[in-house]
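# Structure assessment
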Amino acid sequence: IEKEADVVIIGGGGAGLSAAVSAHQNGAKKILVLEKMPKVGGNTIISGAAYNAVDPKRQKAQGIEDSVEKHYTQTYEGGDKLGKPELVRTLVENAYPGIEWLESMGMKFQDEVFTVLGALWPRSHKPVDPLGTGYIKTYMEYIEKNSGSIEIMLDTKATEIIMENGRAVGVKATGIDGEVVARANNGVIIATGGFGANVEMRDKYNKIWPSLTNIKTTNHPGATGDGYIMAEKVGANLIGMEQIQLLPMGDPETGSLSGNIEQGVENRIFVNKDGNRFVDEGARRDVMTKALFEQRDAYMWVILDKHSYPTGDTKNNFNETIDELVNKGRAYKADTLEELAKEISVNPENLVKAVEEFNKNVETKSADEFGRTLYKDKIDTAPFYAGARVPTVHHTMGGIEINTNGQVLDKSGNIIPGLYAAGETTGGIHGANRLGGNALVDTVVFGRIAGKNAATIK
Ligand code: ADP
């Protein structure tokens, strides 16, 4: 099958669809999205969906002080200064305009911001629709309205970027009806996501963690890192590939984030199988996960109370009610901490002591022995809840090197004409550790930039 478009996009997740909309808004007449799975959405649609942005409306109403500079510093330093400063700057400066862009297309965010795990500051926005569905729904509504210009081919796996005289001019793919050759008159965008679900590739690049061979992942099965292979073949530079992000928040059976009972970092603690705390629960994701690996069986319990679930039908970030989780045996509920400890087989004295000490620190809001500073309510009101969690592979920070236009760079730092990349497939933004709530910003901001430039740069 032969196809022709102004812009050809590989991957129909958050970054790819953001790019498709943006390319259309910036004048591209024909846009083709190739998606290897039977549906769009990628990791974006199953993500916790938190979006960090300094927000003049919501944060002000909540009395939260913040600045773009602080978002910049936390992102850059929280990644051990391994990100490219100009990319980090582009991310944080365009974060709130990204929210306004999504809202202009009908997307709804909740009125209050919160602190998602590893976000380090209360600037995480939560969509009204569950998980990441709001982003994908918003893009798809736009795409369906403009279906004469934007085409999505599902079950179509890109295999190769076609080059002519050093310029990317198209994509080869395998679809249901055989080979697809898609000619791109103006630009090709790689938006294939990360390699969290590719165990071999993880093992190849992992230098930082203990063996990841048997660690599960939060990722969808299509997150196999195809983009790196295609990009490398045409000379792209890959950076930071060893930077693999784990979360201490995996379901022990599946590795997925579902069943995670936390509702923001301020109101819960983590205890190990002995009932003892072991880390600052508001720390960086890598810090918390490293600490969890050192606990018995690398296994922990999230402990919280009624403050997080005022009623049994209150939902977590994954659209599950706490009653539902308790009924399925995925969370535990009790009227006292001693009973809760018994249910989850941890030492009751230790658990009670851990909570008592935590509650003292909530009063003074002072840094505790682990350095924790983020507090809101005490854990003192029944019912009390516990949920088990283990380390899980979540995000791959490294990837294709780009500049602030989303243009792909080669090993000498030169632009590869006609070739763009956006989203998790790129490297150089999150450094050694991605702040919670920065990935969706990455897809929106850099998808938008890549789409615009692939449509307009000749
Ligand atoms: P991001 O958040 O960066 O957009 P996602 O995981 O949300 O990443 O989306 C990436 C999308 O790219 C997924 O839907 C995935 O199935 C798709 N994809 C990955 N490899 C290919 C490929 N070789 N051809 C077409 N689509 C691909």
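Because the structure is predicted, anything quoted here is derived from the model rather than measured.

### A short note on the pairing of strand E8 (residues 178-190)
Consecutive side chains along a regular strand alternate between the two faces of the sheet. Pairing analysis gives eight bridges linking strand E1 (residues 2-10) to E8, with the strands arranged parallel. The residue of E8 that forms the bridge with Ala5 is Ala184. Of the pairings in the sheet, the one linking strand E7 (residues 167-175) to E8 comprises six bridges and is antiparallel in character. The residue of E8 that forms the bridge with Lys172 is Val181. Hairpin connection, E7 to E8: the antiparallel pair is bridged by two residues. One ladder, built from three bridges, connects E8 with strand E17 (residues 415-421); its direction is parallel. The residue of E17 that forms the bridge with Val188 is Leu419.

### A word on the nonpolar core
Judged by nonpolar contacts, the single largest core of 84 residues is most densely connected at Tyr51, Leu102 and Tyr135. At nine residues, helix H14 (residues 439-456) tops the list of elements feeding residues into this core. With sequence-adjacent residues up to four places away left out, Tyr135 is seen in contact with Thr44, Ala49, Ala50, Tyr51, Leu102, Met107, Phe109, Pro127, Leu440 and Val444. Ala334, Val346, Ala354 and Ile379 belong to the second largest nonpolar core, which has 23 residues in total.

### Notes on the packing of helix H4 (residues 68-78) against helix H5 (residues 85-93)
Close contact between H4 and H5 brings their axes to 9 Å; oriented N to C, the two are set at 135 degrees. The angle between the axes of H4 and H5 places the two elements in the oblique class. Between H4 and H5 lies a crossing whose hand is right-handed. Contacts between H4 and H5 pair Val68, Glu69, His71, Tyr72, Thr75 and Tyr76 from the former with Pro85, Val88, Arg89, Leu91, Val92 and Glu93 from the latter. Split by residue class, the contact of H4 with H5 holds seven nonpolar, two polar and three charged.

### Observations concerning the domain arrangement of the chain
Per the domain assignment, the segments making up the chain are domain 1 (2-196 + 397-456) and domain 2 (248-392). On a C-alpha basis, the centroid separation for the pair domain 1 and domain 2 is 32 Å. With 18 residues of domain 1 at the interface, the matching set in domain 2 holds 18 residues. Both faces combined, the contact of domain 1 with domain 2 buries some 1,400 Å², and carbon together with sulfur accounts for 55% of it. On the domain 1 side of the interface with domain 2, the three residues burying the most area are Thr115, Leu117 and Asn433, jointly 39% of the side's total.

### Thoughts on the site of the ligand
The environment of the ligand is formed by 27 residues, the closest being Ala15, Glu35, Thr44, Asp226 and Glu424. Note that an oxygen atom of the ligand is positioned 2.9 Å from one of the backbone N or O atoms of Asn43. Bound to the protein, the ligand loses 98% of the 580 Å² it would expose on its own. Among the elements of the structure, helix H1 (14-25), helix H2 (42-46), strand E6 (157-164) and helix H9 (226-233) are those that each provide at least two residues to the shell around the ligand. Broken down by element, the shell around the ligand gets its largest block of residues, three residues, from H2. Across the shell around the ligand, the residue classes break down as seven nonpolar, 15 polar and five charged.

### Quick look at the pattern of salt bridges
According to the stated counting rule, one finds 24 salt bridges in the structure shown. One salt bridge in this structure joins Glu69 and Arg89, with 3.3 Å as the shortest N-O distance. Remark: Arg89 occurs in helix H5 and Glu69 occurs in helix H4; sequence separation between them is 20 residues. You can call Glu69 partly exposed: its relative accessible area is 43%. Put simply, Glu281 and Arg372 hold a salt bridge, and the shortest N to O gap is 2.9 Å. With Glu281 in the loop between strand E11 (269-272) and helix H10 (285-293) and Arg372 in the loop between helix H13 (348-364) and strand E14 (384-396), this residue pair connects regions lying 91 residues apart in the sequence. Judged by its relative accessible area of 0%, Arg372 falls in the buried class.

### Structural notes on the packing of aromatic side chains
Here a ring pair, both rings aromatic, is described through the centre-centre distance and the interplanar angle of the planes. Under the criterion given, the structure shown has 12 aromatic pairs. On the basis of an interplanar angle of 20 degrees and a centroid distance of 6.5 Å, the ring pair of Tyr51 and Tyr135 is categorised as stacked. Of this pair, Tyr51 sits in strand E3 (residues 51-52) while Tyr135 sits in helix H7 (residues 133-145), and the two are 84 residues apart along the sequence. Given the relative accessible area of 1%, Tyr135 is considered buried. Taking the centre distance of 6.1 Å and the plane angle of 70 degrees together, the rings of Phe109 and Tyr135 count as edge-to-face. Here Phe109, found in the loop between helix H6 (95-104) and strand E4 (124-125), pairs with Tyr135, found in helix H7; they are 26 residues apart in sequence, far enough to count as distant.

### Description of the packing of H5 against H14
One way to put it is that H5 packs onto H14 with a least axis distance of 9 Å and a crossing angle of 100 degrees. Comparing the axis directions of H5 and H14 gives the class roughly perpendicular. Along the contact surface, H5 presents Leu87, Thr90 and Leu91, while H14 presents Val441, Asp442, Val445, Phe446 and Ile449. Across the contact of H5 with H14, the residue classes break down as six nonpolar, one polar and one charged.

### Side note on the pairing of E1
With four bridges connecting them, E1 and strand E2 (residues 31-34) associate as parallel partners. By the bridge assignment for E2, Ile10 is matched with Leu34. Since E1 and E2 lie parallel, the crossover through H1 that links them has a hand, and here it is right-handed.

### A word on unusual backbone geometry
A cis amide bond, omega 0 degrees, links Ala382 with the succeeding residue Pro383. Tracing the backbone shows Pro383 in the loop between H13 and E14. Even without being glycine, Asn165 reaches a positive phi, approximately 50 degrees. Locating Asn165 in the fold gives a position in the loop between E6 and E7. For Asn319, which is not glycine, the phi dihedral falls at a positive 65 degrees. Examined against the element boundaries, Asn319 turns out to sit in the loop between strand E12 (300-304) and helix H11 (322-327). For Asn319, a relative accessible area of 36% corresponds to the partly exposed category.

The rules behind these values
Residues numbered from 1 in each chain as written. Predicted model: local features only at pLDDT ≥ 70, side-chain atom pairs only at ≥ 80, totals over all residues. Heavy atoms only, no water. Pairing = 2+ DSSP bridges. Helix = DSSP H or I, 4+ residues; strand = E, 2+ residues; numbered from the N terminus. Core = buried A, V, L, I, M, F, W, Y, C linked by side-chain atoms within 4.5 Å. Buried < 20%, exposed > 50% of the residue type's maximum accessible area, 1.4 Å probe, protein only. Contact = heavy atoms within 4.5 Å. Axes fitted to C-alpha atoms, helices over the stretch in contact; angles between N-to-C directions. Parallel < 35°, antiparallel > 145°, perpendicular 65-115°, else oblique. Left-handed = near helix turned anticlockwise from the far one by under 90°. Nonpolar A, V, L, I, M, F, W, Y, C, P; charged D, E, K, R; others polar. Domains from an automatic or database assignment. Buried area = accessible area lost by both parts, 1.4 Å probe. Near = heavy atom within 4 Å. Polar contact = N/O pair within 3.5 Å; in protein donor to acceptor, adjacent residues only side chain to side chain. Areas by Shrake-Rupley, 256 points an atom, 1.4 Å probe, with all protein chains shown as cover. Salt bridge = Lys/Arg side-chain N within 4 Å of Asp/Glu carboxyl O. Phe/Tyr/Trp six-rings, centres within 6.5 Å; stacked < 30°, edge-to-face > 60°. Right-handed = clockwise from strand over helix to strand, strands pointing away.

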